[in-house]
Amino acid sequence: MSKTIVVAHQKGGVGKSTLALNLAYRFSQEMKIALTDTDPQGTLIRLKNIASGLNIMTHDEAKKNNKKYDVILVDTPPYLSEKIPTIFSEADFVLIPTKAGVPDVMAIDATIKLFKEAQKNNNKLLGGIILNMVKPRTSLTFFAKEQLYAYNIPILGQIGDRVAFNNTFLSGGIFTSEDSQAKQEIELLATEILNVLK
Ligand SMILES: Nc1ncnc2c1ncn2[C@@H]1O[C@H](COP(=O)(O)OP(=O)(O)OP(=O)(O)O)[C@@H](O)[C@H]1O
Ligand SMILES: [Mg+2]
């Protein structure tokens, strides 16, 4: 039975697609992965014939063939689409990326509300918040963490603001880059998620 990991936050541009893509590259080193795009922008589905070695498809396609995959990794749009409650209700893990900016952290409320709502009927559902695009030496990160602790959802470390991540859409993922810190951050995030799902 495959595990479903959903990357969601209603705020645009927080790194949902970037993290979904790089986690897919990382997980596919050891597992069979379906990467699904439920965002009408089609950020990931457009990479279908470019991202070598990844199985990128619609969410329905992955669900139909779920026995073929160990993990279904789901990218979602920057708004609370009507599909989200169903996707959360079938998921094993929701990863909520956020930037450490004040508007980003404030916007997280609605996504967390849906996540907690889904947990009431889906008792296997776990989740975590990941701070993304963290700039060095900023007190904003401290502010963001203070706000996020209140939600009582694990905070899974952080991902730096690194040019290497901008390049991952066309370069074959962070593991083809020279940025060892960026690689380590994705490695740590992947390990944390897999440990929780075991
Ligand atoms: N850690 C990072 N460091 C630097 N740039 C990043 C990082 N994460 C994402 N980006 C860049 O930020 C932009 C937005 O990222 P991405 O498209 O993944 O966000 P998103 O949440 O999927 O956006 P949308 O809500 O529009 O789907 C992209 O240009 C991406 O390359
Ligand atoms: Mg996206």
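Trainee: Would you explain the environment of Ser2 in this entry?
Mentor: As for its placement among the helices and strands, Ser2 is situated in the segment before β1 (3-7). Separated by 80 residues in sequence, Ser2 and Glu82 have C-alpha atoms that sit 23 Å apart. Non-local contacts of Ser2, meaning those with residues more than four positions away in its chain, are made with Asn66, Tyr69, Asp70, Val71 and Ile72.

Trainee: Any chance you could explain the site of ligand 1 here in plain terms?
Mentor: Ligand 1 sits among 18 residues. The nearest are Lys16, Ser17, Thr18, Pro78 and Phe165. Looking at the shell around ligand 1, the elements with two or more residues in it are α1 (16-27), β6 (126-134) and α7 (163-166). Broken down by element, the shell around ligand 1 gets its largest block of residues, three residues, from α1. Here the residues of the shell around ligand 1 sort into five nonpolar, nine polar and four charged.

Trainee: Even after reading the chapter, I still don't get the pairing of strand β4 (residues 71-75), so can you show me in this structure?
Mentor: On any regular strand, side chains alternate: one points to one face of the sheet, the next to the other face. Counting buried residues along β4, five of its five residues qualify, which places the element largely inside the surrounding structure. Every second residue of β4 is oriented toward a common face, with Val71, Leu73 and Asp75 on one face and Ile72 and Val74 on the other, all of them buried. Relative to β4, β1 runs parallel, the two sharing five bridges. Across the sheet, Val6 pairs through a bridge with Val74, a residue of β4. In the sheet, strand β2 (residues 33-37) pairs with β4 via five bridges, with the strands oriented parallel.

Trainee: Looking at this structure, how should I read the sheet that holds β2?
Mentor: What holds strands together in a sheet is hydrogen bonding between their backbones, with the strands either parallel or antiparallel. The strand order across the open sheet built from seven strands is β3-β2-β4-β1-β5-β6-β7, with neighbouring strands paired in parallel fashion. Two strands lie at the open edges of the sheet, namely β3 (55-57) and β7 (155-160), each paired on one side alone. The average undirected angle you get between the axes of adjacent strands in this sheet is 20°. Pairing between β6 and β7: three bridges, direction parallel. Across the sheet, Leu131 pairs through a bridge with Gln158, a residue of β7. Contacting β1, β2, β4, β5 (93-98) and β6, α1 runs over the sheet at an angle of about 165° to β4. Helix-sheet contacts for helix α5 (residues 108-121) involve β5 and β6, and the interaxial angle to β5 is about 175°.

Trainee: What's the story with the packing of α1 against helix α9 (residues 180-197) in this structure? I'm lost.
Mentor: How two helices pack is summed up by the angle between their axes together with the distance between the axes. At a closest axis distance of 10 Å, the pairing of α1 and α9 adopts a crossing angle of 75°. Here α1 is positioned roughly perpendicular relative to α9, judged by the angle of their axes. Seen from α1, the contacting residues are Asn22, Leu23, Arg26 and Phe27; seen from α9, they are Ile186, Glu187, Leu189 and Ala190. Looking at the contact of α1 with α9, its residues break down into five nonpolar, one polar and two charged.

Parameters and conventions
- Residues numbered from 1 in each chain as written.
- Chains lettered and ligands numbered in written order.
- Predicted model: local features only at pLDDT ≥ 70, side-chain atom pairs only at ≥ 80, totals over all residues.
- Helix = DSSP H or I, 4+ residues; strand = E, 2+ residues; numbered from the N terminus.
- Contact = placed C-beta atoms within 7 Å.
- Near = placed C-beta within 6 Å.
- Nonpolar A, V, L, I, M, F, W, Y, C, P; charged D, E, K, R; others polar.
- Buried ≥ 20, exposed ≤ 12 C-beta atoms within 10 Å, placed from the backbone.
- Pairing = 2+ DSSP bridges.
- Axes fitted to C-alpha atoms, helices over the stretch in contact; angles between N-to-C directions.
- Parallel < 35°, antiparallel > 145°, perpendicular 65-115°, else oblique.

Everything listed here is a matter of coordinates, which is why it stays silent on function.
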